Amino acid sequence: MAPPQLSHEVVGEVEEVGAEATKFRAGDVVGVGLIVGCCRQCHPCKSSNEQYCSKKIWSYNDVYPDGKPTQGGFSSAMVVDQKFVVKIPAGMAPEQAAPLLCAGVTVYSPLKRFGLATPGLRGGILGLGGVGHMGVMVAKAMGHHVTVISSSDRKRAEAVDHLGADAYLVSSDAAAMAAAAGTLDYVIDTVPAHHPLEPYLALLGLDGKLVVMGVINQPLSFVSPMLMLGRKSIAGSFVGSVEEAEETLAFCQAKGVTSQIEVVKMGYVNEALERLERNDVRYRFVIDVAGSNLDDA
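The rules behind these values
- Residues take numbers from 1 onward in each chain, read along the sequence in its written order.
- In view of the model being predicted, local features appear only for residues whose pLDDT reaches at least 70, and side-chain atom pairs are presented and counted only at 80 or more, with totals across whole chains, interfaces and linings using the full set of residues.
- Note that the side-chain values use all heavy atoms of the structure and ignore hydrogens as well as water.
- UniProt positions are given in the numbering used here, feature names are shortened, and annotations may be inferred rather than shown by experiment.
- For cavity detection a 1 Å grid was placed over the protein atoms alone, and a set of points counts as a cavity when a 1.4 Å probe fits there but cannot get out; an open set counts as a pocket when protein lies on both sides within 12 Å along at least five of seven lines, with lining residues being those that have an atom within 4 Å of a point.
- Grid points are joined across faces, edges and corners, and a volume is the space filled by probe spheres set on the points.
- Here a helix means four or more residues in a row that DSSP labels H or I, a strand means two or more in a row labelled E, and each is numbered from the N terminus.
- We call Asp, Glu, Lys and Arg charged. Ala, Val, Leu, Ile, Met, Phe, Trp, Tyr, Cys and Pro are nonpolar, and the rest, Gly among them, are polar.
- Strands were regarded as paired on the criterion that DSSP finds at least two bridges between them.
- Inter-axis angles, ranging from 0 to 180 degrees, are taken between N-to-C directions of lines fitted to C-alpha atoms, where helices are fitted over the stretch in contact.
- Contacts between residues were defined by any pair of non-hydrogen atoms, one from each residue, lying within 4.5 Å.

By the naming in an unreviewed UniProt entry, the chain is cinnamyl-alcohol dehydrogenase, taken from Dichanthelium oligosanthes. UniProt, in its Subunit (unreviewed entry) section for the chain, records the words "Homodimer."

Structure below.
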């Protein structure tokens with residue numbers, strides 16, 4: 001598979017298929033997400049939840065059972081088992097499809113799995129980054145009233161005017177947070193840094209769900225009445241299955257949902273990484289490998 005555009009998700013055109021491959025043929029535009037292997041025997045694997053397999057193999061920085069390393073898509077070609085490949089819908093730009101295979105399915109999966117895909121719900125998106133901005137657009141496309149929650153007023157125009165959020169809530173504004181208490185059916189928490197949970201649990205109404213999606217290496221805490229007095233729940237979710245990735249692509253195609261990206265060449269990768277550290281990207285870099293001179297990168 002030759003990848004024309006990619007980040008750590010890969011989108012490209014099938015160049016050749018193995019003798020036992022039946023799902024795809026040469027010329028198909030396809031994509032690969034974070035997972036390229038699993039045991040296929042455990043309960044998660046057998047229930048189409050292979051991303052939760054304890055023996056899953058990442059598409060990069062991992063090792064196949066034969067000892068060979070996985071190297072992602074930062075190359076001119078990639079070999080992948082067809083089980084972990086999805087077809088990109090006709091008419092969807094490859095550079096738009098790539099982030100949907102991670103950030104897109106990451107928010108689509110919990111909304112579907114936790115019964116939050118019903119139109120008319122009121123949802124909160126905590127953190128407006130790569131996953132958060134997709135959360136706004138996917139939730140809006142599902143027919144939800146969406147509130148973006150952020151620590152400052154800095155991203156209000158971006159959230160409301162550009163991404164279409166219905167409301168914007170500054171978490172440091174005690175009066176605004178108190179006024180919004182009990183008004184949300186769910187909060188998708190994308191913040192990847194330690195933060196208190198209680199202010200956001202307070203925003204949930206009866207049976208509300210706080211879905212934690214930021215990778216945090218410190219314990220999070222809350223007092224149990226915050227859950228008990230409202231029958232609320234805290235849940236976690238990780239990326240999505242191959243099946244859900246296919247659903248996400250189809251959903252986004254049907255609803256006209258696109259990711260917010262900046263396409264760069266391989267020679268720009270180091271500068272892109274520096275900009276990522278400065279949080280200077282809205283909201284995903286996509287690397288055009290086929291359009292880059294790999295010998296000079």
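So that's the structure; there's more coming.
Our next topic: empty space enclosed by the protein. Applying the stated criterion across every chain, the model contains 1 cavity of 30 Å³ or more. One number sums up the size of the largest cavity: a volume of about 130 Å³. Around the largest cavity, the lining is made up of 15 residues, and of these Gly 33, Leu 34, Gly 240, Val 242 and Ala 245 lie nearest the centre. Sorting the residues of the lining of the largest cavity by element identifies strand 3 (29–32), helix 2 (94–113) and helix 8 (242–255) as the ones contributing at least two each. A per-class count over the lining of the largest cavity returns 10 nonpolar, 4 polar and 1 charged.

A separate point is the sheet that holds strand 9 (residues 122–126). Spatial ordering of the open sheet is given by 11-10-9-12-13-14, a layout of 6 strands whose pairing is parallel. At either end of the open sheet lies a strand with only one pairing partner, and these are strand 11 (167–170) and strand 14 (233–236). The average undirected angle you get between the axes of adjacent strands in this sheet is 20°. In this sheet, strand 12 (residues 184–189) lies alongside strand 9 in parallel orientation, the contact comprising 4 bridges. Each bridged residue has a counterpart across the sheet, and for Gly 124 the counterpart in strand 12 is Val 187. The sheet contacts of helix 3 (residues 130–141) involve strand 9, strand 10 (145–150) and strand 12, and relative to strand 10 the element is tilted by about 165°.

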